[in-house]
Amino acid sequence: MTYAIEVRGLVKRYGDKAALAGVDFAAPPGTVLGVLGPNGAGKTTAVRILATLVSPDEGRAAVGGHDVVKAPAVVRKLTGLTGQYASVDEKLTGRQNLVMSGRLLGMSRATARGRAAALLGEFGLEDAADRAAGSYSGGMRRRLDLAVSLVGRPSIVFMDEPTTGLDPRARADLWRIVREQVAGGATVLLTTQYLEEADQLADEIVLIDHGVVAARGTPGELKARAGDRRLEIRPEHDAEKAELILAEVTGLTPHRGENGLLSVPLLNPAVSLAVFLRLEEAGVSLAEHAVRRPTLDEAFLALTDTTTSGRTP
Ligand SMILES: Nc1ncnc2c1ncn2[C@@H]1O[C@H](COP(=O)(O)OP(=O)(O)OP(=O)(O)O)[C@@H](O)[C@H]1O
Ligand SMILES: [Mg+2]
């Protein structure tokens, strides 16, 4: 099979620092690949290499079967890029931005205007079409930026943190647009720091940390690797005592969540009873307790923890 996106042994150095230290991933056509990772992981670097904006130091990257170094012009024709650093001209209106992109791609004025009108409609930007893009809200800016990247009907779209900083409603709008693109046959590589976003959209997730792949799999597989179920407790007081008891009974280090929530993987359901009994004996009362499946967030933390603990600085 020819992958829509394929990266093998990719290395990119900046000075003596490797932004990418040998990364492999691939996406079959018509799928969403989620590239997940914390700040500085190397996500944008990977996207920039795929979009032919920078060249790799080692390894290979191919888009639609075309090597990004040997055939950059072909790759650019096939792809659209919507960036962390938006490519919209703030002084131009939304419509003008779209028409200009079409013209730059070699469309006639009429074709470019038609394409612009269609995209403005599709992305809910008709009312704002003739206002300067500089006056758009964050969500509208992202939608326009994404629309600009789709003017040339690319079959492969790179989206670098398309929803960072957006409110939940604007994020949901963008998710819908991504799903529509994929339903229309496009392949999407989406970088994100949001686990929920990867969970929602990605067929396959590659977790990058410090320039290497820390884990990969479907969202379900990654969640499964974080442990089956988790026991969560929120002590009303004596948080330290509760944490000690939890650690002693389970033999695991509890995860400290928000608002004093403590959790551990629960390998054996009977263990939760032992925990409750010990807490009762120690006079620790609980504001809340639950047994539930892990979120992708916990999988992410668990998986990035194991890769960093084994590394010397
Ligand atoms: N042009 C550059 N010059 C020097 N260092 C760079 C350059 N671009 C990236 N880096 C470094 O490479 C590493 C990876 O950066 P990159 O932007 O790819 O991370 P990222 O995963 O996109 O992070 P973020 O989530 O913050 O966008 C970082 O340590 C960064 O400082
Ligand atoms: Mg980035």
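Residues numbered from 1 in each chain as written. Chains lettered and ligands numbered in written order. Predicted model: local features only at pLDDT ≥ 70, side-chain atom pairs only at ≥ 80, totals over all residues. Heavy atoms only, no water.

- Under an unreviewed UniProt entry, the name given to the protein is Oleandomycin transport system ATP-binding protein, and the organism recorded is Microbispora rosea.
- What UniProt states about the protein under its Subcellular location (unreviewed entry) heading is, verbatim, "Cell membrane".
- Heading Sequence similarities (unreviewed entry) of the UniProt record for the protein holds this comment: "Belongs to the ABC transporter superfamily. Drug exporter-1 (DrugE1) (TC 3.A.1.105) family." (UniProt positions renumbered as here; feature names shortened; annotations may be inferred.)

1. Some points on the overall build of the protein
At step 1: Each helix and strand counted, the protein has eleven helices and 14 strands in total.
At step 2: The principal-axis extents of the C-alpha atoms in the protein amount to approximately 80 × 45 × 35 Å.
At step 3: The long-range share in the protein, meaning contacts at least 24 apart out of those at least 6 apart in sequence, stands at 68%.
At step 4: If you sum the accessible surface of the protein, you get close to 15,300 Å²; carbon and sulfur atoms cover 51% of it. (Helix = DSSP H or I, 4+ residues; strand = E, 2+ residues; numbered from the N terminus. Contact = heavy atoms within 4.5 Å. Areas by Shrake-Rupley, 256 points an atom, 1.4 Å probe, with all protein chains shown as cover.)

2. Notes on the sheet that holds strand S9 (residues 204-209)
At step 1: Here six strands make up an open sheet; going across it, the order is S6-S7-S8-S3-S9-S10 and the pairing mixed. Single-partner strands in this sheet number two, and they are strand S6 (79-82) and strand S10 (212-217). Pairwise comparison of adjacent strand axes, ignoring direction, gives a mean angle of 15 degrees for this sheet. (Pairing = 2+ DSSP bridges. Axes fitted to C-alpha atoms, helices over the stretch in contact; angles between N-to-C directions.)

3. Details of the pairing of strand S2 (residues 17-27)
At step 1: With eight bridges joining them, strand S1 (residues 5-14) and S2 adopt antiparallel strand pairing. In the strand pairing of S2, Ile5 is matched with Ala27.

4. Topic: the site of ligand 1
At step 1: Close to ligand 1 lie 14 residues; Lys17, Gly40, Lys43, Thr44 and Thr45 are nearest.
At step 2: Within the backbone of Gly42, an N or O atom sits 2.9 Å from an oxygen atom of ligand 1.
At step 3: Gln193 is positioned with one of its side-chain polar atoms (N or O) 3.1 Å from an oxygen atom of ligand 1.
At step 4: For ligand 1, whose free accessible area comes to 640 Å², the fraction covered by protein is 64%.
At step 5: Elements represented by at least two residues in the shell around ligand 1 include exactly S2 and helix H1 (43-50).
At step 6: Examining the composition of the shell around ligand 1, we find that three residues originate from one element, H1, more than from any other.
At step 7: Residues of the shell around ligand 1, tallied by class, amount to four nonpolar, seven polar and three charged. (Near = heavy atom within 4 Å. Polar contact = N/O pair within 3.5 Å; in protein donor to acceptor, adjacent residues only side chain to side chain. Nonpolar A, V, L, I, M, F, W, Y, C, P; charged D, E, K, R; others polar.)

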